[in-house]
Amino acid sequence: MGFMEQPLAEARAPHWLQSLQARGQSRWSAGKLPTRRTENWKYTPLTGLRDDYRVAAASDVAPAKLPDALAQGLGGTRLVFVDGVYQPSLSSVELPEGLQLCRFADASDAQAALIAEHLDTLVGGQAEPFASLNTATLRDGVFLHVAANADVQTPVHLLWLVRAADAPTAISQRVLVLAESGSRATVVEQFLSLNGAEASFTSGVTELKLEANAKLHHYRLHEESGEAIHIGAVHARLERDANLDSFHLALGSRLKRVDVVVHHAGPGAHADLNGVYLPRGDEHIDYHTTIEHAVPHCTTDEVFRGIVGDKATAVFNGRIHIHPDAQKTRAELSNRNLLTSTEAEVNTKPELEIYADDVQCAHGATVARIDDLALHYLRTRGVSRDEAEVMLSFGFINELIDGMALEPLREYLRPLLAKRFARDDTLARHLL
Amino acid sequence: MSQEVIDSRIGKEYSAGFITDIESDTLPPGLDEDVIRFISQKKGEPEWLLEWRLEAYRGWCEMEAPEWAHVDFPPVDYNALSYYSSPKNMKDGPKSLDEVDPELLATYEKLGIPLHEQEMLAGVAVDAVFDSVSVATTFREKLAEAGVIFCPISEAVHEYPELVRKYLGSVVPRRDNFYAALNSAVFSDGSFVYIPKGVRCPMELSTYFRINEAKTGQFERTLIVADEGSHVSYLEGCTAPMRDENQLHAAVVELVALDDAKIKYSTVQNWYPGDAEGKGGIYNFVTKRGVAHRNSKISWTQVETGSAITWKYPSCVLRGDNSVGEFYSVALTNNRQQADTGTKMIHLGKNTKSTIISKGISAGKSSNAYRGLVRMSPRADGARNYTQCDSLLIGDRCAAHTFPYIESRNPGAVVEHEATTSKVSDDQLYLCQQRGLDAEKAVSMIVNGFCKEVFRELPMEFAVEAGKLLEVSLEGSVG
Amino acid sequence: MLKIQNLHARVEGKDILRGLDLQIGPGEVHAIMGPNGSGKSTLGHVLAGRPGYEVTDGSVTYRGEDLLAMDTEERARSGVFLAFQYPVEIPGVSNMEFLKASVDAVRESRGDAALDAVTFMKRAREACKAADLPVDFLKRGVNEGFSGGEKKRNELIQMMLLEPSLCLLDETDSGLDIDALQVVAKGVNSLRDGKRSFVLVTHYQRLLNYIEPDHVHVLAGGRIVRSGDKSLALDLEERGYAWLEDEVA
């Protein structure tokens, strides 16, 4: 059996998406898997991919319990999937005014028409074989529709739990967000392994369409562990004066690769793109971000930080592309890395590609270990070396966590991260 | 540089673009093993070198031209090029300047490197490579007194075979990359320098390269070995005549800095860039690399204003503990020029340090990319790199790119990279004009200021020349 | 309290301290003055245990124990406090977290019970008030974006909360305006209780108008070249350091 053969054969998109699916299948079969010689995959080998991933049948997926840390929830609508299968018993759908949320499988005719119109319009092409694979293996998806001028205060929480208890499991994740003009909303995408998860392959694609003056807070948290592999992409398109605030977090597993593409399509658009990656053990995390400044007067602030320990590898590639005529662009990118072990590895490449002259663009990247002077300062105040290292690691990341708009998520992440840095809880006592 | 040299450079057009009319002994186009045998035989090379060339050729046949660089040009037909061209009168080689073809000397006059004048210009010894052979080397006696060897590499093969055999290909292996393999197969001539232990080379060494013949490729090979504790500063200048068709230049430069040695290698590259529509110009596909041993230092400084296409990454392999690598670069592109240039700093030894200062200036419809690699190996404890890449855009139809690769596998190493872009703003121009400066003078001032961190690394004469060169190259870029 | 004998230390391969002797009793205030580059700041860092400051000879005994054998944090926990000349910025770690971690570590090693959150907060607020720093500074990153004077006052807050036995103030007065200097001096004076000892490292006599020293020492060329009472500081202010250096040479 070949890679994803069974999921491809079992792909079951709703009938009104089948022609789209067929296109995805032909794109996928025409392309080939990237290798280390493919520039975009230079530092990320795909040797961990298996040939025996299978889609979980709905009847195989026993309802799971939500992890304790999430039991309280983020205070809004929540959809939960286990191994890609929707779990109504774990979900709670309370839709505030101006918000529509459906699974593709349950879409009304009007919703189906919108999905068919917008889905797969931001991705595709030979350069993204895994996005083609996602369309080719599409089974279900989530459509979030924010009406014009709706001001939705509560977050929409989309949770994919990975259980993969019985066999290597293929999980397909697809989200389409359509934020109409002048609207405001918050969406949280979260991926989490349940204890004892075995090998899995998640193919994820999220498309965010922000119409004029829309504001979207977007969070994508990857907390899969163990043997999980995730190859995913987030594509956003921002029309005039739209504002995207997108935060990404990846804790390790065998392999995570996330491509984030932000396309500024209307003047005045702004994107804040922040991310944190924390691989350890022999984990591998790869973020590739691309900001397309296609029109004048758009701005981008991007900050990614990583702490890489043990034998782990982190890859970051941050590309800013200023098209001809995209004058008066301001785009800044910072990527800082802490390397904490002699066997860990960081590969980073911030890229600028500029075809307009009246622009302000800058990027910076650093790789180093924890600042010796800061460590010393803490020790002169009586803090032990180990605790000081935990505090400084946490502080390095916390600058980004503190900037998150969604408070319940900050509350969820702080203890999670503090504990992650402090293998011994007492070392994190001052952070909790 | 003398004033007249400077003046001669400030022509409206490419001032080095004239064709010298001397009879050449040129091989017909095409490349196969027989051509390589011909070149080797012509130079009376020993058997090992012929074998070395053939091995490189066989490797090259299996390789493909690299496509990752941010440049765009039609594929080169390597069988349409001629791989050997020697000015006929030179067959036996001049014994002194008096024996050099007067017309050739006149060529150098026009280029601004009058050999006779060189003797006046304090301390510059020149090895001039004209198309494919070395035509004259000045100051050899004075250098010989210090024990410094500075001669055409073709001569070194005969005179110092053990040195050449030991170091040739030791830094850039003959199958290193497509263009280096081609060079290894067909290299015509170039310079060889050896500085003995503890010797400070008493003068700056200098080479001028010039491509003259139509449809010839130039493949010179430079090898500089600085023995323990020695110092040398080497300057390289390049020009070529104006021609409609593209000409290929695929050189290899290898530097070996043994323990405690210092090598400073400066380049002012002014190959013909092609006309405003992008017709003609040199394809400059060059491999330059140095290996730095313990406590040694290799410093590359380059001012690149010429060539239709530049593909060039002068690099340092910091093998020895405490070794230092530096790269200071100004790359200017105008009209339809394309440059993809930068450096690689490979940190292998402990406490190795590298500094990269790159200034890219794009004007017209040109494209200018910095591509760099900084690699910290697991052994490179205490290593440090600082990189700064700045781009200046002049006009809204040019392009500037930055592609820095950073690979760190050592927590005790520190890598810092920063890049910015800016433009020559209308406000700046307005201010200068309001103070009575014309737009071109204003741009030239701003550009010179932008480049000063690099210019100050150049030897004095070159710094003046470099500034003037930028001015000439930017002509017509402000409307 | 502290006995330094024949202390030699080097930094980055350079010998900075070359046979320094100094003895400090409980409750005493010593001022150490000297020209730039004389080794004043080095002394503070050597006593606090900064990596890279290598002791090549001599001994330092602190309350009967070998100070040099202790780790940086052990020294801090046993009551040695260094107020930095250039306090370090630590973005992302709040001042509050930092202070709590520090106070807990020091109290724990002394065998004191950890302060509960309410008591700690109360003390931290008091210290802020004494240092004339708004309470919101506790929520900000450690020294992050603080002005020079604010950083020095933040050092004072730490000193008050940690209740050290030996306070080393490294050029705490440099870069402070008169108002800020008075605040810091008042804070230091409030900590003088007859048992706690102070070493004031300074270039200027001005600080000593506000914190009266028991002894004044002049450091030059890595050694104490002259000791006296506070009148020595006035002499130095009037005549500069050159005459002393000449005399020593």
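Residues numbered from 1 in each chain as written. Chains lettered and ligands numbered in written order. Predicted model: local features only at pLDDT ≥ 70, side-chain atom pairs only at ≥ 80, totals over all residues. Heavy atoms only, no water.

### Topic: the side chain of His217 of chain A
- Residue placement: His217 of chain A occurs in strand S10 (residues 215-223).
- Separated by 3.1 Å, the side chains of His217 of chain A and Asp245 of chain A make a polar contact. (Helix = DSSP H or I, 4+ residues; strand = E, 2+ residues; numbered from the N terminus. Polar contact = N/O pair within 3.5 Å; in protein donor to acceptor, adjacent residues only side chain to side chain.)

### As for the sheet that holds strand S5 (residues 65-66) of chain C
Residue and element names in this part refer to chain C.
- Pairing in this open sheet of four strands is antiparallel, and the strands run S2-S1-S4-S5 from one edge to the other. Of all strands in the sheet, those bounded by a partner on one side alone are strand S2 (14-24) and S5.
- Both strand S4 (residues 53-62) and S5 contribute to a ladder of two bridges, which runs antiparallel. Within S5, the residue paired with Thr61 across the bridge is Asp66.
- The strands that helix H1 (residues 40-48) touches are strand S1 (2-11), S2 and S4; relative to S1, the one it contacts most, it runs at about 105°. (Pairing = 2+ DSSP bridges. Contact = heavy atoms within 4.5 Å. Axes fitted to C-alpha atoms, helices over the stretch in contact; angles between N-to-C directions.)

### Examining helix H6 (residues 178-191) of chain C
All names here are of chain C.
- The first and last C-alpha atoms of H6 sit 20 Å apart over 14 residues, in line with the 20 Å expected at 1.5 Å per residue.
- Of all the positions in H6, only Ala180, Leu181, Val183, Val184, Ala185, Gly187, Val188 and Leu191 are classed as buried.
- Summarising the contacts, the buried residues of H6 are in contact with helix H4 (117-131), helix H5 (148-162), strand S9 (166-170) and strand S10 (197-202).
- The N-capping residue of H6, defined by a side-chain oxygen 3.1 Å from the backbone nitrogen of Asp179, is Asp177. (Expected span 1.5 Å × (residues − 1). Buried < 20%, exposed > 50% of the residue type's maximum accessible area, 1.4 Å probe, protein only.)

### Remarks on the domain arrangement of chain A
All names here are of chain A.
- Here chain A is described as being made up of domain 1 (5-266) and domain 2 (377-432).
- Placing the centre of domain 1 and that of domain 2 at their C-alpha centroids yields a distance of 30 Å.
- Taken together, the contact between domain 1 and domain 2 spans 15 residues of the former and twelve residues of the latter.
- Of the roughly 1,100 Å² buried at the junction of domain 1 and domain 2 (both faces included), carbon and sulfur atoms supply 79%.
- For the pair domain 1 and domain 2, the number of links is zero salt bridges.
- Our count for the domain 1 to domain 2 interface comes out at four residue pairs in polar contact (both at pLDDT 80 or more).
- Where the side of domain 1 that touches domain 2 is concerned, the elements lending two or more residues are helix H3 (68-71), strand S8 (184-193), S10 and strand S12 (243-251).
- For the side of domain 1 that touches domain 2, a count of residues per class yields ten nonpolar, four polar and one charged. (Domains from an automatic or database assignment. Buried area = accessible area lost by both parts, 1.4 Å probe. Salt bridge = Lys/Arg side-chain N within 4 Å of Asp/Glu carboxyl O. Nonpolar A, V, L, I, M, F, W, Y, C, P; charged D, E, K, R; others polar.)

### Quick look at empty space enclosed by the protein
Residues and elements named next belong to chain B.
- Considering all chains together, one arrives at eleven cavities of 30 Å³ or more under this definition.
- In terms of lining residues, the largest cavity is bounded by 16 residues, among which Ser358, Gly360, Asn368, Ala369 and Tyr370 are the most central.
- If you list the elements that add at least two residues to the lining of the largest cavity, you get strand S18 (324-333), strand S20 (353-363), strand S21 (367-376), strand S22 (384-394) and strand S23 (399-408).
- Counting residues per element, the lining of the largest cavity draws most heavily on S20, which supplies five residues.
- Each residue belonging to the lining of the largest cavity can be placed in one class, and the counts come to six nonpolar, eight polar and two charged. (1 Å grid on protein atoms, 1.4 Å probe; cavity = no way out; pocket = protein on both sides within 12 Å on 5 of 7 lines; lining within 4 Å. Points joined across faces, edges and corners; volume = space filled by probe spheres on them.)

### A word on the pattern of salt bridges
- In this structure the tally under the stated criterion is 56 salt bridges over all chains.
- Residue Arg420 of chain A is joined to Glu283 of chain A by a salt bridge in which the shortest nitrogen-to-oxygen separation is 3.5 Å. You can see Arg420 of chain A sitting in helix H8 (residues 407-421) and its partner Glu283 of chain A sitting in the loop between strand S14 (270-278) and strand S15 (284-293), a full 137 residues away along the chain.
- Residue class for Glu283 of chain A comes out buried when judged on its relative accessible area of 15%.
- In this structure, a network of salt bridges that share partners links the residues Glu33, Asp34, Arg37, Glu55, Arg58 and Arg175 of chain B.

### Remarks on the nonpolar core
All names here are of chain A.
- Counting 128 residues, the largest nonpolar core has Phe247 and Leu417 as the members making the most contacts within it.
- Looking at this core, the element that brings in the most residues is helix H7 (residues 385-402), giving nine residues.
- Of the residues that make up this core, three or more belong to each of domain 1 (5-266) and domain 2 (377-432).
- Excluding residues that lie within four positions of it along the chain, Phe247 makes contacts with His218, Tyr219, Arg220, Leu221, Asn274, Val276, Leu400, Ile401, Met404 and Leu413. (Core = buried A, V, L, I, M, F, W, Y, C linked by side-chain atoms within 4.5 Å.)

### A few points about the pairing of S8 of chain A
Residue and element names in this part refer to chain A.
- Along S8, nine of the ten residues are buried, which leaves the element largely enclosed by surrounding structure.
- Examined bridge by bridge, strand S6 (residues 156-162) and S8 share seven bridges and lie parallel to one another. By the bridge assignment for S8, Leu158 is matched with Glu189.
- Two strands pair when backbone bridges link them, and S8 and S10 are joined in this way by nine bridges, in the parallel orientation. From the neighbouring strand, Val188 faces S10, where its bridge partner is Tyr219.

### Considering the interface of chain A and chain C
- The interface of chain A with chain C comprises 23 residues on the first partner and 35 residues on the second.
- For the chain A and chain C pair, buried surface summed over both sides reaches about 2,300 Å², with 60% attributable to carbon and sulfur atoms.
- Joining chain A to chain C, the criterion identifies three salt bridges.
- Among the ionic pairs, Glu155 of chain C bridges to Arg381 of chain A, the shortest N-O distance being 2.7 Å.
- Linking chain A with chain C are twelve residue pairs in polar contact (both at pLDDT 80 or more).
- Listing elements by their share of the side of chain A that touches chain C, those giving two or more residues are helix H6 (372-380) and H7 of chain A.
- Of the residues forming the side of chain A that touches chain C, the biggest block, eight residues, is contributed by H7 of chain A.
- A breakdown of the residues in the side of chain A that touches chain C according to their chemical character gives nine nonpolar, seven polar and seven charged.

### Things to note about the interface of chain A and chain B
- Listed as interface residues are 36 residues of chain A and, on the opposing side, 30 residues of chain B.
- Approximately 2,700 Å² of surface area, both sides summed, lies buried where chain A meets chain B, with 50% of it carried by carbon and sulfur atoms.
- Summed over the three residues of chain A that lose the most area to chain B, namely Ile354, Asp357 and Val367 of chain A, the buried surface amounts to 20% of that side.
- At the boundary of chain A and chain B, one finds two salt bridges.
- In this structure, Glu345 of chain A engages Arg409 of chain B in a salt bridge whose closest nitrogen and oxygen atoms are separated by 3.6 Å.
- In this structure, the connection of chain A to chain B is made through 15 residue pairs in polar contact (both at pLDDT 80 or more).
- Going through the elements one at a time, strand S19 (345-354) and strand S20 (360-368) of chain A are the ones with two or more residues in the side of chain A that touches chain B.
- The element contributing the most residues to the side of chain A that touches chain B is S19 of chain A, with ten residues.
- Here the residues of the side of chain A that touches chain B are counted per class, giving 16 nonpolar, ten polar and ten charged.
- Sheet topology places S19 of chain A next to S23 of chain B; six bridges connect them, and they run antiparallel. Of the residues in S23 of chain B, the one forming a bridge with Thr348 of chain A is Ile406 of chain B.

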